[in-house]
Amino acid sequence: MEAVILAGGKGSRLSGRSNGLPKPLVPVGGKALIEHQFELLARCGVRRATLLCGFGAAAVRGHCGDGARWGLQLKYVDESAPLGTAGAVMAALPELPEQFLVLYADTMVNVDLDRICAAHAASGAQATLFLHPNDHPWDSDLVETDQNGRVVAIHSYPHPEGALLPNQVNAALYVLKASSLSGFALPSQPLDFARHVFPELLRRGVHLHGYRSPEYIKDVGTPERLDHVEADLRNGVVARSSLSVRCPAVFLDRDGTINEETSYITRPEQLKLIPGAGEAIRRLRDSGYRVVVVTNQPVVARGDCTEAELRRIHDCMEMQLSREGAFLDGIYACPHHPDKGFAGERPELKFACDCRKPAAGLLAQAVAELNLDLSQSWLIGDSTSDVQTAANCGVRSVLLRTGRAGRDGRYAAAPDFEFENLLEAAQFIAESQPAVERSNACIGLL
Ligand SMILES: [Zn+2]
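The shown structure was predicted, so the numbers you read here are calculated from the model rather than taken from an experiment.

Participant: Kindly report on the overall build of the chain, identifying the contributing residues and their values.
Facilitator: Counting secondary structure elements, the chain contains 14 helices and 19 strands. Expected size for 446 residues packed as a compact globule is a radius of gyration near 22 Å; at 23 Å, the chain falls within 12% of this value. When burial is assessed residue by residue, the chain has 55% of its 446 residues classed as buried. Once local pairs closer than 6 in sequence are excluded, the contacts in the chain between residues at least 24 apart make up 71%. Put simply, the chain shows about 18200 Å² of open surface, and 49% of that area lies on carbon and sulfur atoms. Of the charged side chains in the chain, 45 are positive and 54 negative, and the gap between their average positions amounts to 2 Å.

Spelled out as structure tokens, the structure:
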């Protein structure tokens, strides 16, 4: 795979910090911002990159040279006039290969590029968009996907009051086939990927894939954001966010653990967070864990709720969590149920699967997709089925006194710890067993 880096940014909002340098050359953590991207490309085996330059092109060229310092071969294409993100790429198409990654030089990014490229290849899509959950989805462009990750809608900010949307923010990283842009005429006005090209491709029925990942990508466009990114660099947040780094997880059950246990939840408006759930998830993530929901949802097999409706319920949960400053690294749900013979059920989902807890399938899928270290992980839940799942998977278990509080009594495994609620459990794990030291040591920061 080759890369294209949009490097024409002026960085005017950073003027107090940039000494007149173009944005890609603003120092971040002791080196030019774009050098972090060069190092990422080299780590992921990307050897060639084309820089699309505008403002300060000569300075960018002078600084980056032929790229040999980073083990890269760099080429340059200069924009004659500002064409927007997509316009700049379209103007450079004659110089570009059939398929390439697009990065923005005004972002700090640490993404396992092998994984997104593999997902792009497996999907067969014309373009793959990197999507990540964040803690301010209400003022971001959000992308809706189906159960296979195909993009079905793009919701540009601002969003209607009370809209129920997925916390999947379109971030500045794509994999594109050059042919995906062949239907567009070279623009006379600036043309933007997020605002113009992807919505138009979707209208034309072009296959766009959404690659959801919790990895690090943040723009460095203002002094405040620059300070934030520098702090994340110092604290190891940037380094350990890559899915190329194996990381411990805290697995969370859903009903009775994160949200109030009612009978079965089949509609988004029934989902109500247990007080402290957002703070708990935030603390676990801050202490270096990936936080992953694993939940049995037999409502789907019973025919009470479709897969799409289940996603809406999870959208609702994630939106409520984001208002508490929290987001999840992943959500894994088993839609199956073993017992057949009820009215309205979906027979194709009625079988003894290997993902319904206490089976290990949901955790195994998360381990593969999120590169998790089970030996240092935890599972927190409110039922004996959660405790048994933890025992079956070799992770430490916490039983909560919320929800069913272990009164289901279906499995014999004893929990390693018991706490009143998720927040208490999270405080205990974050304070006494933080994963930060361990994962930072793995990536050589300590
Ligand atoms: Zn299942």
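We are not done yet, so read on.
Participant: Provide a residue-level description of the pattern of salt bridges, including the pertinent values.
Facilitator: Applying the stated criterion to the full structure yields 24 salt bridges. Across the salt bridge formed by Arg212 and Glu318, the nearest N and O atoms sit 2.9 Å from each other. Taken together, the residues span a long stretch of sequence, with Arg212 in strand E12 (residues 208-212) and Glu318 in helix H10 (residues 307-323) at a distance of 106 residues. Given the relative accessible area of 27%, Arg212 is considered partly exposed. Judged by relative accessible area, which is 4%, Glu318 ranks as buried.

Participant: Tell me what's going on with the domain arrangement of the chain, and back it up with residues and numbers.
Facilitator: Per the domain assignment, the segments making up the chain are domain 1 (2-228) and domain 2 (246-442). If you average the C-alpha positions of domain 1 and of domain 2, the two centres end up 33 Å apart. Listed per partner, the contact involves 17 residues of domain 1 and 19 residues of domain 2. Roughly 1500 Å² is buried in total at the junction of domain 1 and domain 2, and carbon and sulfur atoms are behind 54% of that figure. Of all residues in domain 1, Arg115, Leu164 and Pro214 bury the most surface against domain 2, accounting for 37% of the area lost on that side. Linking domain 1 with domain 2 are two salt bridges, by the criterion used here. Among the salt bridges present, the one from Arg312 reaches Glu144, with a minimum N-O distance of 3.9 Å. Applying the counting criterion to the domain 1 and domain 2 interface returns six residue pairs in polar contact (both at pLDDT 80 or more). Per-element tally for the side of domain 1 that touches domain 2: the top contributor is strand E9 (residues 142-145), with three residues.

Participant: Which residues make up the coordination of the zinc ion, and what are the values?
Facilitator: Protein ligation of the zinc ion involves Cys334 (SG), His336 (ND1), Cys353 (SG) and Cys355 (SG), the donor distances falling in the range 2.0 to 2.3 Å. The sequence pattern describing where the donors of the zinc ion fall on their chain is C-x1-H-x16-C-x1-C. Cys334 gets classed as buried once you look at its relative accessible area, which sits at 0%.

Participant: Quick one: what's the story with unusual backbone geometry, residue by residue and with numbers?
Facilitator: The amide bond that connects Tyr157 to the next residue, Pro158, takes the cis arrangement and shows omega of 0°. Within the secondary structure, Pro158 is located in the loop between strand E10 (151-155) and strand E11 (169-177). Geometrically, the link from Lys357 to Pro358 is a cis peptide bond, its omega value of 15° lying close to zero. Tracing the sequence through the fold places Pro358 in the loop between strand E16 (330-334) and helix H11 (361-370). In this structure, Ala405 takes a positive phi of about 50° despite not being glycine.

The rules behind each value
- Residues numbered from 1 in each chain as written.
- Predicted model: local features only at pLDDT ≥ 70, side-chain atom pairs only at ≥ 80, totals over all residues.
- Heavy atoms only, no water.
- Helix = DSSP H or I, 4+ residues; strand = E, 2+ residues; numbered from the N terminus.
- Rg over C-alpha atoms; globule rule 2.2 N^0.38 Å.
- Buried < 20%, exposed > 50% of the residue type's maximum accessible area, 1.4 Å probe, protein only.
- Contact = heavy atoms within 4.5 Å.
- Areas by Shrake-Rupley, 256 points an atom, 1.4 Å probe, with all protein chains shown as cover.
- Lys, Arg positive; Asp, Glu negative; His and termini not counted.
- Charge placed at Lys NZ, Arg CZ, Asp CG, Glu CD.
- Salt bridge = Lys/Arg side-chain N within 4 Å of Asp/Glu carboxyl O.
- Domains from an automatic or database assignment.
- Buried area = accessible area lost by both parts, 1.4 Å probe.
- Polar contact = N/O pair within 3.5 Å; in protein donor to acceptor, adjacent residues only side chain to side chain.
- Donors = N, O, S within 2.8 Å, 3.2 Å for Na, K, Ca; no water.

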